[in-house]
Amino acid sequence: MRALTVVPLKKDSLAVTDVPDPERGDGDLLVDGLAVGVCGTDKEIVAGQYGWAPPGRERLVIGHESLGRVRQAPDGSGFSPGDLVVGVVRRPDPVPCGACAHEQFDMCRNNRYTERGIKEIDGYASRSWRVEAGYAVKLDPALAGVGVLMEPTSVVAKAWEQVERIGARAWFEPRTVLVTGAGPIGLLAALLGVQRGLDVHVLDRATGGPKPRIVGDLGATYHHGGVGDAVASARPDVVIEATGSGRVVFDAIAATAPYGIVCLTGVSSAHRLTVDAGDLNREIVLENDAIVGSVNANLTHYSAAADALAKADPDWLRRLISRQVPLERFSEAFTHRPDDIKVVITLDETAS
Ligand SMILES: [Zn+2]
């Protein structure tokens with residue numbers, strides 16, 4: 001079987017290679033791969049900066065933003081041949097820690113969790129794959145073209161859940177949200193904000209390309225420039241930060257309304273900047289502000305994501321997928337083009 005594999009921590013080792021067909025022990029459901037999305041984590045793995053092969057193996061099948069169609073499912077599994085499915089990325093650690101024991105493997109405390117396509121378990125970038133029925137999520141058949149957005153939507157569904165749980169510590173009726181960054185995470189965070197009836201503002205560096213119109217067609221307001229420009233009209237009750245830029249993070253914390261909640265979802269690279277720590281502290285204390293980091297997602301977030309995508313306009317979602325590259329031309333998926341939002345590698349033979 002053909003699969004897209006990499007030698008973790010070895011730059012330029014990405015290749016389409018033959019790997020053994022998936023074995024029954026890898027999961028009850030046999031799934032034909034349709035597509036995988038490419039994100040920053042995949043780019044880090046391909047650049048040799050991140051990733052772990054399965055124990056005893058040199059190569060890892062990459063791909064954690066999955067989409068497939070069930071070929072075989074046992075009776076009583078809740079799945080049938082033809083179902084559109086997405087496989088969950090993370091598996092609980094073997095200890096397990098308290099969080100993993102409570103099915104909150106997204107909150108794992110000992111970092112011994114495993115992740116398909118990233119950490120010690122093969123991913124989904126293969127012609128077929130297996131998955132445990134308990135780690136497969138069924139998608140509305142209408143989402144065949146955009147189901148690969150499910151995993152990033154689960155990340156965003158968790159971020160919104162964190163905001164709402166923290167908000168619930170006192171009276172909370174948010175009206176305005178600022179989303180920083182109009183990549184897939186930012187745009188999907190904006191979608192979930194609009195679905196909550198909020199006044200949504202999205203900030204990004206791009207002045208041209210597809211992003212301003214995609215934001216506008218959602219009913220949200222697009223801003224480019226700094227956080228200060230974006231909040232000139234209304235200070236946000238909630239900020240979902242999806243750039244990982246240190247400057248944007250600190251500006252966002254300073255820009256919230258009283259009782260503001262900032263949810264950080266982007267990962268920063270090392271960058272030194274000067275901030276007035278006293279000023280920042282005063283702002284957070286005197287306004288009862290809260291700042292939370294959020295990563296990954298558990299099964300409840302996948303379920304929330306499936307509902308959010310089913311409610312969304314499929315034509316709007318399709319515009320987030322800016323390019324589709326067949327498996328044989330995988331390297332094109334890792335070259336950046338200015339108008340890229342979500343780049344997808346197609347896996348089915350007929351598509352390539
Ligand atoms: Zn754990």
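The following paragraphs examine the structure supplied in this document. Please read these numbers as outputs of a predicted model, since none were measured by experiment. (Residues numbered from 1 in each chain as written. Predicted model: local features only at pLDDT ≥ 70, side-chain atom pairs only at ≥ 80, totals over all residues. Heavy atoms only, no water.)

Bringing the overall build of the protein into the picture now. Secondary structure summary: the protein contains 10 helices and 19 strands in total. In terms of C-alpha radius of gyration, the protein reaches 20 Å, essentially the compact-globule figure of 20 Å for 352 residues. Principal-axis analysis of the C-alpha atoms gives the protein an extent of 60 × 45 × 40 Å. Counting over 352 residues, the protein shows a buried share of 53%. The long-range fraction of contacts in the protein, counting pairs at least 24 apart against all pairs at least 6 apart in sequence, stands at 69%. (Helix = DSSP H or I, 4+ residues; strand = E, 2+ residues; numbered from the N terminus. Rg over C-alpha atoms; globule rule 2.2 N^0.38 Å. Buried < 20%, exposed > 50% of the residue type's maximum accessible area, 1.4 Å probe, protein only. Contact = heavy atoms within 4.5 Å.)

Looking at the zinc ion, one finds its protein donor set to be Asp93 (OD), Cys97 (SG), Cys100 (SG) and Cys108 (SG), positioned 1.9 to 2.3 Å from the metal centre. One can describe the donor arrangement at the zinc ion as tetrahedral, given that its 4 donor atoms subtend angles of 100 to 119 degrees at the metal. Counting residues between consecutive donors of the zinc ion along the chain gives the motif D-x3-C-x2-C-x7-C. Taking relative accessible area as the criterion, Cys97 reaches 9% and is therefore assigned buried. (Donors = N, O, S within 2.8 Å, 3.2 Å for Na, K, Ca; no water. Tetrahedral: all angles 85-135°; square planar, octahedral: opposite > 155°, others 65-115°.)

Another point: the sheet that holds strand S12 (residues 176-180). Ordered in space as S14-S13-S12-S15-S16-S17, the 6 strands form an open sheet in which the pairing is parallel. Each end of this open sheet is capped by a strand with a single partner; those strands are strand S14 (221-223) and strand S17 (290-293). The sheet shows a mean angle of 15 degrees between the axes of neighbouring strands, taken without regard to direction. Relative to strand S13 (residues 199-203), S12 runs parallel, the two being bridged by 5 bridges. (Pairing = 2+ DSSP bridges. Axes fitted to C-alpha atoms, helices over the stretch in contact; angles between N-to-C directions.)

Before going further, it helps to examine the nonpolar core. Among the nonpolar cores identified, the biggest contains 96 residues, and Leu4, Ile62, Met150, Trp160, Ile240, Leu317 and Ile345 are the most heavily contacted of them. The element best represented in this core is helix H3 (residues 150-167), accounting for 7 residues. Filtering out sequence-adjacent residues up to four positions away, Ile62 remains in contact with Leu4, Val6, Leu14, Asp42, Ile45, Val46, Gly117, Gly123, Tyr124, Ala125 and Phe334. With 13 residues, the next largest nonpolar core counts Leu178, Ala252, Ile253 and Val262 among its residues. (Core = buried A, V, L, I, M, F, W, Y, C linked by side-chain atoms within 4.5 Å.)

Keep in mind that these numbers describe shape and distance, not what the molecule does.
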